Each structure stands twice: as structure tokens, then as C-alpha cells.
Amino acid sequence: MRSRQGLFTVTIGLCLLGWNQPALAEQHPYLGLGMSGAGRNNPAFNAGESDNLSFTLRGSLPLGEFFAVKSSVFIGQYSVQAAPTATLTVPIQPQINGYVGVGYSFAVASRGESSNNNVLGNTAAPVAIGGVEFFPGTSSALYIDVMFTPTGFEGRHEAASLNMGWGMRF
């Protein structure tokens, strides 16, 4: 009971001093294009070709004030992989949001061998994402994030990628 009274007293004191609650996250739908680099490529079974860099297509669709679906497609020289994610968005500053989320990566296509490696591995696997998006001006979006999968290579080894790009808001 004592901790509730203390919390109530601190809250009232902050309100009297002019403290405001943080602004709600300002999310915008966008389509983006960027680059992605493999932070870790196939450590054990490197039988196929490896895409250490990929072009990235990104779409972001807000689902309310704090949630969004962010889907990425990684297009490399030897393989294509898709990774839709559901994210929780938190405001950092006006027009800057941080986000964390989970999703799943799918190996969509491979040119030549089926064991070709993309930046998120070579097999379907769960994915975690964390990053920042910035909305400068009225029609742009910039993003940078990291994706990690614990079983992206052969279902046994982790994969990680650093993704960044520019998007056009709509």
C-alpha cells in the first residue's frame, strides 16, 4: 500500500511541475528500397553460393498507434527471401520511432543450388527485428534495423542482417 501512495505522490508532483506524457508514436505507411548486409553467413554448411549483400524492398503498414506490419524482401544474386514481421512501435522523438518485433523468414527462390545463402539464411525460420525509423519532410521515410534468426541456416545455425533504406510515404 505504501508503494502505491509513493507512486501517486510522484505522479502528482510531476504533473504540477509541467511534465507531459510522451507523444504517441506517429506512424506512416511507406514503401522503401535499401541494402542489407549479412552479419553472419552460413558457419557450417557453405555448399551453395552466398549473398552477403542484398537489395531490400520494404513495406510498412501501421495497424493503430503502436503496431505495424513491416515486410521485407531480400533480393540477392543467388537467392530471394521474404520476411514479414509484426512490430511494436514506440516514439523516441517527434518523427523518430523505435520498433521491435517478430516474424518469419521464407526462402522464396534460389538460382541454381537449393542451398544458396541469403542474408537471413537459406531456410524458413523465425525472425526478431529491432530498429529505428525517421520521417523527415512530408513524403520520406528512412529506416535502419537488425534482423536475427536463431535457425536461419539449415535450421541449425543463426543468421543476422543489418538493413537500411529510404522509403516513400503514402
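Residues numbered from 1 in each chain as written. Predicted model: local features only at pLDDT ≥ 70, side-chain atom pairs only at ≥ 80, totals over all residues. Heavy atoms only, no water.

(A) Structural context of the pairing of strand E8 (residues 157-169). Examined bridge by bridge, strand E7 (residues 140-153) and E8 share eleven bridges and lie antiparallel to one another. In the strand pairing of E8, Tyr-143 is matched with Gly-165. Remark: three residues form the turn of the hairpin made by E7 and E8, two consecutive strands paired antiparallel; Glu-154 in that turn has positive phi of roughly 55°. (Pairing = 2+ DSSP bridges. Helix = DSSP H or I, 4+ residues; strand = E, 2+ residues; numbered from the N terminus.)

(B) Spotlight on the nonpolar core. The biggest cluster of nonpolar side chains holds twelve residues, and these are Tyr-30, Phe-74, Ala-83, Tyr-99, Val-119, Leu-120, Val-127, Ile-129, Phe-135, Ala-141, Tyr-143 and Met-147. Of all the secondary-structure elements, those providing two or more residues to this core are strand E6 (125-134) and E7. If sequence neighbours within four positions are ignored, Leu-120 has contacts with Phe-74, Gln-81, Ala-83, Ser-105, Val-127, Met-147, Thr-149, Gly-152, Ala-159 and Ser-161. (Core = buried A, V, L, I, M, F, W, Y, C linked by side-chain atoms within 4.5 Å. Buried < 20%, exposed > 50% of the residue type's maximum accessible area, 1.4 Å probe, protein only. Contact = heavy atoms within 4.5 Å.)

(C) Expanded view of the environment of Phe-148. Looking at the element boundaries, Phe-148 is found in strand E7. In this structure Phe-148 comes out as partly exposed when scored by relative accessible area, which is 39%. It is 9.9 Å that separates the C-alpha atoms of Phe-148 and Ala-125, two residues lying 23 residues apart in sequence.

(D) Quick peek at the side chain of Thr-56. Looking at the element boundaries, Thr-56 is found in strand E2 (residues 53-62). Setting aside residues no more than four positions away along its own chain, Thr-56 makes contact with Gly-32, Leu-33, Gly-34, Met-35, Ser-36, Ser-72, Val-73, Phe-74 and Tyr-143.

(E) View of the confidence of the model for the protein. This prediction gives the protein a mean pLDDT of 81; 75% of its residues lie at or above 70. No element of the protein has a lower mean pLDDT than helix H1 (residues 2-16), at 54, and none a higher one than E6, at 95. (pLDDT = per-residue confidence, 0-100.)

(F) Representation of the side chain of His-28. With respect to the element layout, His-28 can be found in the loop between H1 and strand E1 (30-40). Reaching out from His-28, the side chain makes a polar contact with the side chain of Glu-26 at a distance of 2.9 Å. With sequence-adjacent residues up to four places away left out, His-28 is seen in contact with Ser-60, Pro-62, Phe-135 and Arg-169. (Polar contact = N/O pair within 3.5 Å; in protein donor to acceptor, adjacent residues only side chain to side chain.)

(G) Structural view of the packing of aromatic side chains. Throughout the structure, instances matching the rule amount to three aromatic pairs. Here the aromatic rings of Tyr-30 and Phe-135 are separated by 6.2 Å at their centres, their planes lie at 65°, and the arrangement is edge-to-face. Placement of Tyr-30 in strand E1 and of Phe-135 in the loop between E6 and E7 is noted, with a sequence separation of 105 residues between them. Residue classification places Tyr-30 among the buried positions, given a relative accessible area of 0%. Measuring from ring centre to ring centre gives 5.2 Å for Tyr-104 and Phe-106, while their planes differ by 55°; the resulting arrangement is tilted. (Phe/Tyr/Trp six-rings, centres within 6.5 Å; stacked < 30°, edge-to-face > 60°.)

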